[in-house]
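# Descriptive structure summary
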Amino acid sequence: MPVNAHPAEVGAQAPDFELQDQHGTPVRLSRFRGRKVVLVFYPLAFSGICGNELSALRDRPFDDAQVLTVSVDSMFTHRAWADREGYTFPLLSDFWPHGQVAQAYGVFDEAKGVALRGTFIIDGEGVIRWSVVNPISSARDIADYVKALADIH
């Protein structure tokens, strides 16, 4: 797994960041303090596994948590994909500096220039409470997110 760091640790403070969503609106992680966040890194928009994963998130809303998704795609790519697929949660662009947020979370694949499939559940205090990191070729199971969210108070 050619990444530049180890994944952010459960129990650690989640690295704060600000990225633009598919509408060009700045979104800062710390703005969601007081609420759980499901932070989902994925390699690229318009790809099969990524589309299936994000569609599962779209079809299974989390009432008690904010979903934020992150890839190195541009804001314009995210907008086209969100419009086509009906994604209403923020698709955040880690385009420039290229992969900086994925690097901060230890899920950036330097050789491929994209994020691994990393998911971090962050509590209302900004602490990482659960995570999973899969290789680019391996999809995550949304049922794992549901169980992890239920276990976090």
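Everything below is about the structure printed above this text.
Below is a short write-up of the structure. For clarity, every value in this text was computed on a predicted model and none was experimentally measured. (Residues numbered from 1 in each chain as written. Predicted model: local features only at pLDDT ≥ 70, side-chain atom pairs only at ≥ 80, totals over all residues. Heavy atoms only, no water.)

Here we come to the environment of R35. Mapped onto the fold, R35 is located in the loop between strand 2 (26-28) and strand 3 (36-41). Under the relative-accessibility criterion, R35 is labelled partly exposed at 33%. With 31 residues separating them in the primary sequence, R35 and Q66 have C-alpha atoms 7.3 Å apart. The residues touching R35, leaving out its near neighbours within four places in the chain, are F62, D63, D64, A65, Q66, I122, D123 and G124. Looking at R35, its side chain comes within polar contact range of the side chain of Q66, at 3.3 Å. (Helix = DSSP H or I, 4+ residues; strand = E, 2+ residues; numbered from the N terminus. Buried < 20%, exposed > 50% of the residue type's maximum accessible area, 1.4 Å probe, protein only. Contact = heavy atoms within 4.5 Å. Polar contact = N/O pair within 3.5 Å; in protein donor to acceptor, adjacent residues only side chain to side chain.)

This structure, assessed with the given rule, holds 10 salt bridges. Here R140 makes a salt bridge to E53, at a shortest N to O gap of 2.7 Å. Linking R140 in the loop between strand 9 (128-134) and helix 4 (142-151) with E53 in helix 1 (residues 48-59), this pair joins segments that are 87 residues apart in sequence. For the pair R140 and E53, one class covers both residues: buried. (Salt bridge = Lys/Arg side-chain N within 4 Å of Asp/Glu carboxyl O.)

Both the distance between ring centres and the angle between the ring planes are used here to describe each pair of aromatic rings. Under the definition given, this model contains nine aromatic pairs. Both rings, one in Y42 and one in W81, keep their centres 5.7 Å apart while their planes meet at 45°; by these two values the pair is tilted. In this pair, Y42 sits in the loop between strand 3 and helix 1 while W81 sits in helix 2 (residues 75-85), placing the two residues 39 residues apart along the sequence. Note on W81: relative accessible area 1%, which makes it buried. Each residue in the set Y42, F46, W81, Y87 and F89 is aromatic and connected to the rest through ring pairs, giving one cluster. (Phe/Tyr/Trp six-rings, centres within 6.5 Å; stacked < 30°, edge-to-face > 60°.)

This paragraph deals with the nonpolar core. If you look at the biggest cluster of nonpolar residues, it comprises 25 residues, and the most contacted ones within it are L39, F41 and Y105. Counting only elements with at least two residues in this core, the list comes to strand 3, strand 4 (65-71), helix 3 (100-104), strand 7 (114-115) and strand 8 (117-122). Of all the elements, strand 3 adds the most residues to this core, at three residues. Within the second largest apolar cluster, 20 residues are counted, among which are A45, F89, L91 and I121. (Core = buried A, V, L, I, M, F, W, Y, C linked by side-chain atoms within 4.5 Å.)

What follows concerns the environment of M75. Positionally, M75 belongs in helix 2. Taking C-alpha positions, M75 is 7.2 Å from L92, a pair spaced 17 residues apart along the chain.

Take helix 1 next. For helix 1, which comprises 12 residues, the first-to-last C-alpha distance of 16 Å matches the rise-based estimate of 16 Å (1.5 Å per residue) to within 8%. Residues C50, G51, E53, L54, S55 and L57 constitute the buried set of helix 1. Buried residues along helix 1 sit in contact with strand 3, strand 4, helix 2, strand 5 (91-93), strand 8 and helix 4. (Expected span 1.5 Å × (residues − 1).)

Further remarks concern the side chain of T119. Following the sequence through the fold, T119 ends up in strand 8. Taking the relative accessible area as the measure of exposure, T119 reaches 0% and is therefore buried. Polar side-chain contacts of T119 include one of 2.9 Å to the side chain of Y145. In contact with T119, not counting residues within four places along its chain, are V38, L39, V40, W130, S131, V132, R140 and Y145.

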